[in-house]
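Take a look at the letters that make up each chain.
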Amino acid sequence: MSEIAAASKEQAAGVSQIAIGLSQIDQVTQQNSAYAEETAAAAEELTGQVKHLREMVSKFRVATSKQEEADPHISSGGLASDPIKWGKELMIGINKIDSQHRRLVILANDLHHALREGQASSALQPILEELADYTRTHFSYEEQLMQQSGYPDFTSHKAAHTKLIQKLEDIFQGFKANRSGIGIETFNFIKDWLTSHIMRTDKKYVSHLQSRGVV
Ligand SMILES: [Fe+2]
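Residues numbered from 1 in each chain as written. Predicted model: local features only at pLDDT ≥ 70, side-chain atom pairs only at ≥ 80, totals over all residues. Heavy atoms only, no water.

Caption draft 1: Main features of the coordination of the iron ion. Surrounding the iron ion are the protein donor atoms Glu142 (OE), His157 (NE2), His161 (NE2), His197 (NE2) and Asp202 (OD), at 2.2 to 2.4 Å. Read N to C, the donor residues that coordinate the iron ion are spaced as E-x14-H-x3-H-x35-H-x4-D. On the criterion of sequence distance, the pair formed by His161 in helix H6 (residues 154-176) and His197 in helix H7 (residues 184-211) is long-range, its members being 36 residues apart. By the burial criterion, His161 is buried, and His197 matches it. (Donors = N, O, S within 2.8 Å, 3.2 Å for Na, K, Ca; no water. Helix = DSSP H or I, 4+ residues; strand = E, 2+ residues; numbered from the N terminus. Buried < 20%, exposed > 50% of the residue type's maximum accessible area, 1.4 Å probe, protein only.)

Caption draft 2: Inspection of the pattern of salt bridges at higher detail. Under the criterion given, the structure shown has 4 salt bridges. One salt bridge in this structure joins Asp133 and Arg136, with 3.1 Å as the shortest N-O distance. In this pair, Asp133 and Arg136 both sit in helix H5 (residues 121-148), 3 residues apart, roughly one turn of the helix. Since its relative accessible area comes to 34%, Arg136 is described here as partly exposed. Glu169 is paired through a salt bridge with Arg136; the nearest N and O atoms lie 2.7 Å apart. Taken together, the positions of Glu169 in helix H6 and Arg136 in helix H5 put the pair 33 residues apart, joining distant regions of the chain. Overlapping salt bridges bring together Asp133, Arg136 and Glu169 as one network. (Salt bridge = Lys/Arg side-chain N within 4 Å of Asp/Glu carboxyl O.)

Caption draft 3: Structural context of unusual backbone geometry. Even without a glycine there, the phi angle at Asn178 is positive, about 60°. For Asn178, the position within the fold is in the loop between H6 and H7. Since its relative accessible area comes to 69%, Asn178 is described here as exposed.

Caption draft 4: Region of interest: H5. Taking 1.5 Å as the rise per residue, H5 with 28 residues should run 40 Å; its terminal C-alpha atoms sit 40 Å apart, in good agreement. Taken from the residues just after H5, Gly150 is the one with a positive phi, measuring 65°. (Expected span 1.5 Å × (residues − 1).)

Caption draft 5: Representation of helix H4 (residues 95-116) within the structure. Here H4 contains 22 residues, and its C-alpha end-to-end distance of 31 Å stays within 8% of the 32 Å for a straight helix at 1.5 Å per residue. Taken from the residues just after H4, Gly118 is the one with a positive phi, measuring 65°.

Caption draft 6: Structural detail: the packing of H6 against H7. At their nearest, the axes of H6 and H7 sit 12 Å apart, and the two run at 165° to each other. Judged on the interaxial angle alone, H7 and H6 are roughly antiparallel. Between H6 and H7 the crossing geometry is left-handed. For the pair H6 and H7, the contacting residues are His157, Ala160, His161, Leu164, Lys167, Leu168 and Ile171 in the first and Thr186, Phe189, Ile190, Trp193, His197, Thr201, Asp202 and Tyr205 in the second. Tallied by class, residues from the contact of H6 with H7 come to 8 nonpolar, 5 polar and 2 charged. (Axes fitted to C-alpha atoms, helices over the stretch in contact; angles between N-to-C directions. Parallel < 35°, antiparallel > 145°, perpendicular 65-115°, else oblique. Left-handed = near helix turned anticlockwise from the far one by under 90°. Contact = heavy atoms within 4.5 Å. Nonpolar A, V, L, I, M, F, W, Y, C, P; charged D, E, K, R; others polar.)

Set out below in structure tokens:
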């Protein structure tokens with residue numbers, strides 16, 4: 001009889017140990033789940049910080065060597081990896097217009113980098129939006145000067161602007177409505193248009209605007 005009692009006691013102790021063990025497993029499981037949540041939150045925060053850091057670094061692009069300092073593209077905030085280089089061939093000699101063209105080149109280069117890095121639509125959209133908005137602002141500034149000075153080629157120059165704005169609008173609307181994607185060919189189109197328009201069409205109005213004293 002005492003043997004049965006001893007065995008029962010032992011069994012009860014065993015059951016109690018199993019219960020303790022299960023409770024410990026439960027605690028560890030809960031801890032793991034809490035750690036996983038913390039890790040996910042930390043990863044999300046880190047992603048945000050990396051994005052912020054990239055934005056900050058892009059604002060502090062500086063020349064790192066004498067050769068880069070002498071390069072107008074680098075000294076004006078460009079990156080060595082930018083596909084459109086800012087330089088004499090794109091400068092028309094009217095400071096305000098040159099700085100507007102420079103900004104368009106920066107935006108086009110930003111679009112290129114975002115495409116090459118395979119950034120999501122959410123990252124491409126603000127670049128495209130700014131590019132379209134700033135193009136409109138810049139064109140209306142040029143058109144105002146051309147009109148004010150009685151530039152003889154005003155009508156055809158303005159027509160070229162209107163055509164590009166329409167094209168950019170089509171690209172942007174198609175992209176926003178998910179009808180069409182944005183690829184490197186979109187960048188190539190913008191690059192070709194911008195560089196040839198500045199070098200061929202814009203350069204033609206310089207002497208006229210200067211002679212009429214509007215710039
Ligand atoms: Fe123009």
